[in-house]
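Chain residues, written in single-letter form:
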Amino acid sequence: MKIGIYGQFYHKNSGIYIQQLLETLDKNGVEVVIEKNFLELINLHDEITKTYSHFSTFEELDTSYDLFFSIGGDGTILKTITYVRDLGIPIAGINTGRLGFLATIQKEEIKDSIALILDKKYDISTRSLVTIETLPATEEFGVLNFAMNEIAVSRRNTTSMITVDTSLNNEFLTTYWADGLIVATPTGSTGYSLSCGGPVMTPDAENMVLTPIAPHNLNARPLVIPDNQEIQLQVSGREDAYLVSLDSRIHTLPNETTVVIKKAPFKINMVILKENSFLKTLRKKMLWGEDKRN
């Protein structure tokens, strides 16, 4: 078995759990390849006698990997997908921070969780993504023109709202006067969109949601649409440019640029342990079903 590992930060007191992970994989004869910068962080904080192979870019990965571990939080998983992309390698998120919707394996349960994963006692949750194109075409996004949570347009360097003319499959929908507009996947419905009043969607829903950010037209409400729709956005405002974010990656586009958003041609495979189902995580995160009355 061959497993890749990625992390962005070396969290306080997380060293013991990283050691447990590496030791467990080593005892089971797993070939481990670690992202170069994260490997340097591990070596900086811990004494590791074994020499591990490393990777630096997507081009160094291939379908020979059986699994990919993301160590951190949900943000780390969103970064991990920029390495995995369309290779179909299942991603398991080990949470070293707060409870997340994606990184559901808790650090205190690493040994038991890894044992279940190595025995293939897990489910795969396929997650749809959204992709972006522009008219006129731009090389601003390069090959990383996709997002698993959301693509959002928002104001830049101003307190003034922006105007977002929105069409679906080339048919005009409405104009949003707002701080911005979020186009979220079912996975992203529990993130930025949720904080702006958007609905929660289960990961297997074949939908997207358009959620305005602080709309000035108070009758503007989040809209759920089928994920086979193509969304066209034309943005204008007092500034001559606006921001476009793809998960945590931010770019700037001039006002005359039209953004086209649609479902990506590939999906991400997430490893889900049976005791860490989406509904269980949702109940725990949202405190649903708990009586908080005194």
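I will try to describe carefully the structure that is included in this document. The model shown is predicted, which means the values in this text are computed figures rather than measured ones.

What counts and how
- Residues numbered from 1 in each chain as written.
- Predicted model: local features only at pLDDT ≥ 70, side-chain atom pairs only at ≥ 80, totals over all residues.
- Heavy atoms only, no water.
- Helix = DSSP H or I, 4+ residues; strand = E, 2+ residues; numbered from the N terminus.
- Phe/Tyr/Trp six-rings, centres within 6.5 Å; stacked < 30°, edge-to-face > 60°.
- Buried < 20%, exposed > 50% of the residue type's maximum accessible area, 1.4 Å probe, protein only.

## Considering unusual backbone geometry
Argument step 1. Put simply, leucine 135 and proline 136 share a cis peptide bond, and its omega is -5 degrees.
Argument step 2. Assignment of secondary structure puts proline 136 in the loop between strand 7 (123-135) and strand 8 (146-147).
Argument step 3. The backbone of asparagine 170 sits at a positive phi, close to 70 degrees, despite the residue not being glycine.
Argument step 4. Its location among the elements puts asparagine 170 in the loop between strand 10 (162-168) and strand 11 (171-178).
Argument step 5. Although it is not a glycine, leucine 287 sits at a positive phi angle of roughly 60 degrees.
Argument step 6. As for its position among the elements, leucine 287 is in the segment after helix 6 (278-286).

## Regarding the packing of aromatic side chains
Argument step 1. As enumerated under the stated definition, the model contains six aromatic pairs in all.
Argument step 2. Centroid distance phenylalanine 55 to phenylalanine 68: 5.6 Å. Interplanar angle 65 degrees. Geometry classified as edge-to-face. Taken as a pair, phenylalanine 55 in strand 3 (residues 53-55) and phenylalanine 68 in strand 4 (residues 67-72) lie far apart in primary sequence, 13 residues in all. For the pair phenylalanine 55 and phenylalanine 68, a shared accessibility class is recorded, and that class is buried.
Argument step 3. Between phenylalanine 146 and phenylalanine 266 the ring centres are 5.4 Å apart and the planes differ by 80 degrees, which places this aromatic pair in the edge-to-face class. With phenylalanine 146 in strand 8 and phenylalanine 266 in strand 18 (residues 258-272), this pair connects stretches of sequence that are 120 residues apart.
Argument step 4. For phenylalanine 146, a relative accessible area of 2% gives the class buried.
Argument step 5. Residue class for phenylalanine 266 comes out buried when judged on its relative accessible area of 17%.

Worth remembering: the numbers are spatial, not functional.
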